[in-house]
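# Chains, contacts and geometry: an overview
Listed here are the chains, written in short residue letters.
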Amino acid sequence: MRKTFHAMLVLVAVLFFGAAEFCSGRNTSLSCIEGEREALLKFKLCFNDLSNMLSSWKGNDCCEWRGVGCDKNNRHVVSLKLRGSIFDQSQLYLIDNVEEVVSGLLKLRYLEHLDLSENNVSSSLIPPSFGLMKQLRYLNLSSMNFKGRIPGELGNLTRLRVLDLSGEYYGRLKVDDVQWISHLFSLQQLDMSRVNLSHASSNLFQVLGMLSSLSWLSLSECNLKNSHLPSRNHPFNFTFLKNIQHFDISWNSFNGPIPIFLQNMTSLTFLDMSGANLSLASSNLFRVLSMLPSLSWLSLSSCSIKNCHLPSCNHPLNFTLLGNIQYLDLSQNFFQGPIPICLQNMTSLIFLYLYANQLSGSIPDSIGQLSKLESINLFANQLSGSIPDSIGQLSKLESINLFANQLSESIPDSIGQLSKLESISLSLNQLSGSIPDSIGQLSKLESIDLSANQLSGSIPDSIGQLSKLESMDLSGNQLSGNIPDSIRQLSKLESMHLYVNQLNGSIPDSIGQLSKLESMDLSGNQLSGNIPDSIRQLSKLESMHLYVNQLSGSIPDSVGKLSKLESIYLSVNQLSGSIPDSIRQLSKLESIDLSSNQLSGSIPDSIGQLSKLESIYLSANQFSGSIPDSIGQLSKLESIDLSVNQLSGSIPDSIGQLSKLESIYLSDNQLSGSIPDSIGQLSKLESIYLSNNQFGGSILDNIEQLSKLQFIDLSGNQLGAGFPKWPLLQKKIVMVDLSNASISGPLPKNISHMMPMLVELYLANNLMNGSIPKSLCNSKSLEVLDLSNNMFSGSIPNCWRNDQSFNFIDLSSNNLSGLFPSTIGLLSFLYVLHLNNNSLHGELHMDLKNFTYLVVLDLGENKFSGNLTSIVRGEIGNHSLKILRLRKNLVSSYIPLELCYLSQLQIIDFADNNLTGRIPPCFGKFPAMVNATKLINSMNANYWYWAHLMEVVKGRYLEYTRKTLGLESSIDLSSNNLIGSIPDELIFLKDLHNLNLSWNLLSGKIPAKIGQMENLESLDFSQNGLSGTIPKSMSGLTKLSHLNLSYNNLSGPIPTGYQLQTLEDPTIYIGNHQLCGAPLLKKCSNDLLPPPTNNFKDNDEGALKRMWFYIVVMLGFATGFWGVVATLIL
């Protein structure tokens, strides 16, 4: 009985659970259909699955596979959701015929949902056989790299509700006939964005009008024009438009008024017409939009809309009728003036984008009333004033972008009230003050960009409270103090940019706790101390930029632990020691810059293990030894700079293995031997700089193989022999520098034809001879020609043309003769002309009016005659000339007043000529000699790069180069026949450094206030007829280091005190027999000794004041005396 009872219980349980299983619709005894499983496996074989998207496709039950959906009852496959990802390249890549893919899918007879979007079918055509899958309700083939015509057979898919054929790029797919779309009676959503519909007939919308269920339509970027849109008079059924909720026709070629049919789209919630030219739309644009009561998303970006299209705040519309709008994008239009204050009426706004307009004025306080706002973007306008404090009322704000405006004052403290803020960009404004401490309250902040402002003070410690921060950019400000130790708390930080500030102190050890940091840029600060060893913990770091600081010590060996590092820039610091051998472990390193430090030792052989290295910069250090042969293993190297070191030995042959190398910089070392022939294998080489080494022998015999070579500098080597043939074989060569290379012989006559793209040619300081080729007159590309310090002879070609581009010509220090070439006056873009130290002769005939940009004119040390008026004629206005040098010629004339119109002159050298007449008083008005600021501001101009000058300063020849020439100011009129007195006006030249008027016939006194020329360093008035005393103010010339007053008629005591006491050479005053006092042996009698004084005012001025004092005292005495006498008499 008990057994029977137990059996009955078991039977009831089996029946109960069996019924439950049946009622629940599950049948565990069934797996997927075998034929369908085989079809899926065949589908899998058609693709290369690099991202393992189909890795789960194994085993018997295909219904459990990723992306596969089965019917719960019959286990047939009904959906295939295999969307890839272009962004992270999680894609299937077709390796078979796409027809095979579809043939396999056709065996899935119950398939209703198919999504293969964002996979890659390698530019295949869409197979017409897709049209056989008539059971489909959903088909997404978007961004699959299909191309060609969309087959009309897709019109057979009459059960489709969703069709997405949008492309990643415009025009790969096209449709010529849209009639097939009309058969898709059940279609609710259609996306054909970036499909070329330009050849579709004008009945496009008539066809779409037949789809009564259509509610979602996207035709973005389809090259549609106005002709595709239905007109008011077109026989077209507009009723279907009433069902459309989502309408995207952005980035087409529409223009003119807003389409009239829009007012019929009363169900519309989403409208995007971005890119349409609505500049001709009437002011009723927003009135039409206000007739769409359900509209919540409106994008009219880049529609050429102006203020006239907006309703005024007094208009009945005044944005109130657009009160349902949640998303408003009016960016990249032509709105001007202030932000409309009546935007406050759009109280439903969640997203507001007004960026890239011309909005000005301040951000209104009323912005705080948009209480639902989550994102606001106003970047690239002209907004000014402060950020309103009311911004703190936007409690739902997640993103704010005010980049590239003119906002000023400080960041309001109220910013800390934005508790949901995730992103803030205020960069490229004029914000000042400190970063508010309240910033630490933004607990959800992920990105902060305050770069390119004028923020000061320290980085607040509260920054460490931003626990979700991933990106921080505070660069380009004036932040000072230490990097706060609290940054260690930013455990999610991926990017930290603090470059170009005034941060000091050391890099904190706690930086090693930023375990997710990928990019670190602290360059352009004043950071000191060692690079912390804790950087070894930054296992995800990809870029480390610490250049232009004051970091010292060695590069830590722990840098080798940064296995993901791609770039390391440590240039312009004070780092010492050697390159750590651990650098070989940086297998992903692409760029390394250690230039301008104090690193020493040899370049490690292990450098060759950096197989991904593309650029290496080690210049301006103290590296010695040879270039390692392992350099040839850097197969991806594009640029190498080892210049300005102490490297020796030869260039290794292995350099020829660097097949991708584009530039080599090895200048200023001690390299020797011949340049290896293997360089000829560098087919991509564009630049080679090997100057100032000890190379010799055969130079680049196989250079003709370097077809891309543009820049070559072998100056300062011992090339020898004649002008090499290899530069003439380079048709793309732009710059050749073979100066100071012991080259002899003539310059090839057809040089400009052989190198038609040549821009710069430097051959100075060689032994070249012969004549200057006339073919240079035919060059249209040449801008810089330097043939100075050679032995060229004959005349200068006189065939220059006004279509040539010369900026710099230096033919100085040769044996050239003949007349000044008149056609040089046609070179209107000339900056610098050096013809000095030759044997040129004849009268000068060059009008400076023709040389608008000329800055340096040096014709010294020749035999030119004539007068200065042939150079300076009339008022020549604001000319650029800064240096005019005619030293040692035969010019015989007076100095014309017109010379004073050259307002930028800072060096005048007319010494050793036959000039007569007086020194013009207007010489005291040259602005560049009066105000040093103008002088210094001109230093960095391009023309100083080429200019140089030999000047007699402090009694000897000095050469000024581009580094110092821009700072020099000088007047040298010595060794002429000038008469009259020294103009008093010269004392206004407060920034003149050198004044030489010696060996003339000058008379009169030295200007009494000469002490006002406070920057004078060298003064020479010797060999004239000057008389009177030496002004006491001369002792105020505190920078004077050279003085010559010899052989004049000066008398009286030599002033004492200050700078004059350091000039103890008695020859300074020799030949002035009436002078007395130190440093001369002749002592002054007591009546000649000057009274002691500490001021430098003129003696006559003091005497005049004393005389008036005595006169006033005597007048007072006389008045009092006669007053008393008169009283007694009366």
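In this report, the structure presented in the accompanying data block is examined. (Residues numbered from 1 in each chain as written. Predicted model: local features only at pLDDT ≥ 70, side-chain atom pairs only at ≥ 80, totals over all residues. Heavy atoms only, no water.)

This paragraph deals with the overall build of the protein. A count of helices and strands for the protein gives nine helices and 71 strands. The buried share among the 1130 residues of the protein stands at 52%. Partitioning the intrachain contacts of the protein with sequence separation of at least 6 by distance along the chain shows that 59% fall at a separation of at least 24. When the accessible surface of the protein is summed, it comes to about 48,800 Å², and 50% of that surface belongs to carbon and sulfur atoms. (Helix = DSSP H or I, 4+ residues; strand = E, 2+ residues; numbered from the N terminus. Buried < 20%, exposed > 50% of the residue type's maximum accessible area, 1.4 Å probe, protein only. Contact = heavy atoms within 4.5 Å. Areas by Shrake-Rupley, 256 points an atom, 1.4 Å probe, with all protein chains shown as cover.)

What follows covers the packing of aromatic side chains. Applying the stated rule across the entire model yields 19 aromatic pairs. In this structure an aromatic cluster arises from ring pairing among F270, W297, Y327, F351, Y353, Y355, F379 and F403. (Phe/Tyr/Trp six-rings, centres within 6.5 Å; stacked < 30°, edge-to-face > 60°.)

Looking now at the pattern of salt bridges. Applying the stated rule across the entire model yields 16 salt bridges. Residue K42 is joined to E100 by a salt bridge in which the shortest nitrogen-to-oxygen separation is 3.8 Å. Taken together, the positions of K42 in helix 2 (residues 34-45) and E100 in helix 3 (residues 98-105) put the pair 58 residues apart, joining distant regions of the chain. Its relative accessible area of 30% is what places K42 among the partly exposed residues. When its relative accessible area of 33% is taken as the criterion, E100 is described as partly exposed. We note a salt bridge from R536 to D533, for which the minimum N-O separation is 3.1 Å. (Salt bridge = Lys/Arg side-chain N within 4 Å of Asp/Glu carboxyl O.)

Here we take up the pairing of strand 33 (residues 550-553). Note that strand 31 (residues 528-529) and strand 33 share two bridges and pair parallel. Along strand 33, the bridge assignment pairs S528 with Q550. In this structure, strand 33 lies alongside strand 35 (residues 574-577), joined through two bridges in parallel fashion. Across the sheet, residue G553 finds its bridge partner in strand 35, namely L575. (Pairing = 2+ DSSP bridges.)

Here S1046 shows up in the loop between strand 69 (1042-1044) and strand 70 (1049-1053). Engagement of the side chain of S1046 in a polar contact is seen with the side chain of N1044, the distance being 2.7 Å. Not counting residues up to four positions away in its chain, the partners in contact with S1046 are S1022, Q1023, T1067, I1068, Y1069, I1070 and N1072. (Polar contact = N/O pair within 3.5 Å; in protein donor to acceptor, adjacent residues only side chain to side chain.)

Mapping I350 onto the fold places it in the loop between strand 16 (336-337) and strand 17 (351-353). I350 gets classed as buried once you look at its relative accessible area, which sits at 17%. Apart from residues no more than four positions distant in its own chain, I350 is found in contact with Q326, K372, L373, E374 and S375.

Right, let's get into the packing of helix 2 against helix 3. Where helix 2 contacts helix 3, the two axes come as close as 8 Å, and the packing angle between them is 165°. Comparing their axes, helix 3 and helix 2 come out roughly antiparallel. Here the hand of the crossing between helix 2 and helix 3 comes out left-handed. Of helix 3, the residues touching helix 2 (which contributes A39, K42 and F43) are E100, V101, S103, G104 and L105. Along the lines of polarity and charge, the residues of the contact of helix 2 with helix 3 split into four nonpolar, two polar and two charged. (Axes fitted to C-alpha atoms, helices over the stretch in contact; angles between N-to-C directions. Parallel < 35°, antiparallel > 145°, perpendicular 65-115°, else oblique. Left-handed = near helix turned anticlockwise from the far one by under 90°. Nonpolar A, V, L, I, M, F, W, Y, C, P; charged D, E, K, R; others polar.)

The strand order across the open sheet formed by five strands is 16-18-20-22-24, and the pairing between neighbours is parallel. Every interior strand has two partners, whereas the edge strands, strand 16 and strand 24 (430-431), have only one. Judged from the two bridges that link them, strand 20 (residues 382-385) and strand 22 (residues 406-409) form a sheet pairing that is parallel. Across the sheet, the residue bridging to S384 is Q406, located in strand 22.

A word on helix 3. Listed as buried for helix 3 are V98, V101, V102, G104 and L105. Axial view of helix 3: buried residues confined to an arc of 160°, hence all on one face. Taken together, the buried residues of helix 3 touch helix 2, strand 1 (47-48), strand 3 (77-81), strand 4 (93-94) and strand 5 (113-115). Sitting at the amino-terminal end of helix 3 is N97, which places a side-chain oxygen 2.7 Å from the backbone nitrogen of E99. (Arc of directions from axis to C-beta.)

Counted by the stated rule, this structure contains five disulfides. A disulfide bridge connects C32 with C62, and the sulfur atoms are separated by 2.2 Å. Every disulfide takes its handedness from the sign of the S-S torsion; for C32 and C62 that torsion is 140°, giving right-handed. Taken together, the residues span a long stretch of sequence, with C32 in the loop between helix 1 (2-23) and helix 2 and C62 in the loop between strand 1 and strand 2 (68-70) at a distance of 30 residues. In this pair, the class of C32 matches that of C62, namely buried. With a sulfur-sulfur separation of 2.0 Å, C777 is cross-linked through a disulfide to C799. Here the S-S torsion is close to 80°, and the disulfide linking C777 with C799 is therefore right-handed. Linking C777 in the loop between strand 50 (767-770) and strand 51 (784-786) with C799 in the loop between strand 52 (791-795) and strand 53 (808-810), this pair joins segments that are 22 residues apart in sequence. A relative accessible area of 28% means that C799 is categorised as partly exposed. (Disulfide = S-S within 2.5 Å.)

We now examine helix 2. Relative to the 16 Å expected for twelve residues at 1.5 Å per residue, helix 2 spans 17 Å between its end C-alpha atoms, a close match to the ideal helical length. For helix 2, the full list of buried residues reads E36, R37, A39, L40 and F43. Looking down the long axis of helix 2, one finds its buried residues gathered within 160° of arc, a one-sided arrangement. Residues of helix 2 that are buried sit in contact with strand 1, strand 2, strand 3 and helix 3. (Expected span 1.5 Å × (residues − 1).)

For the rest of this paragraph, the subject is unusual backbone geometry. Here the residue pair A1078 and P1079 is connected by a cis peptide bond, since its omega of 10° sits within 30 degrees of zero. Here P1079 is to be found in the loop between strand 71 (1074-1076) and helix 9 (1099-1129). One non-glycine residue, S123, adopts positive backbone phi at about 60°. By the secondary structure assignment, S123 is in the loop between strand 5 and strand 6 (138-140). The phi angle at A620 is positive, at roughly 55°, despite the residue not being glycine. Along the polypeptide, A620 turns up in the loop between strand 38 (615-617) and strand 39 (622-625). On the basis of relative accessible area, A620 is assigned to the partly exposed category, the value being 27%.

Structurally, the position occupied by L402 is in the loop between strand 21 (399-401) and strand 22. What makes L402 buried here is its relative accessible area of 1%.

Quick look at the sheet that holds strand 64 (residues 979-980) now. Hydrogen bonds between backbone groups are what pair the strands of a sheet, and the pairing can be parallel or antiparallel. The strand order 64-66-68-70-71 describes an open sheet built from five strands, whose pairing is parallel. What marks the edges here is a single partner per strand, and that holds for strand 64 and strand 71. One ladder, built from three bridges, connects strand 68 (residues 1025-1029) with strand 70; its direction is parallel. Looking at the pairing, S1027 lines up with N1049 of strand 70.

Turning our attention to the side chain of D641. As for its position among the elements, D641 is in strand 40 (residues 639-641). Here D641 falls in the buried class, since its relative accessible area comes to 13%.

In short, geometric facts, not functional conclusions.
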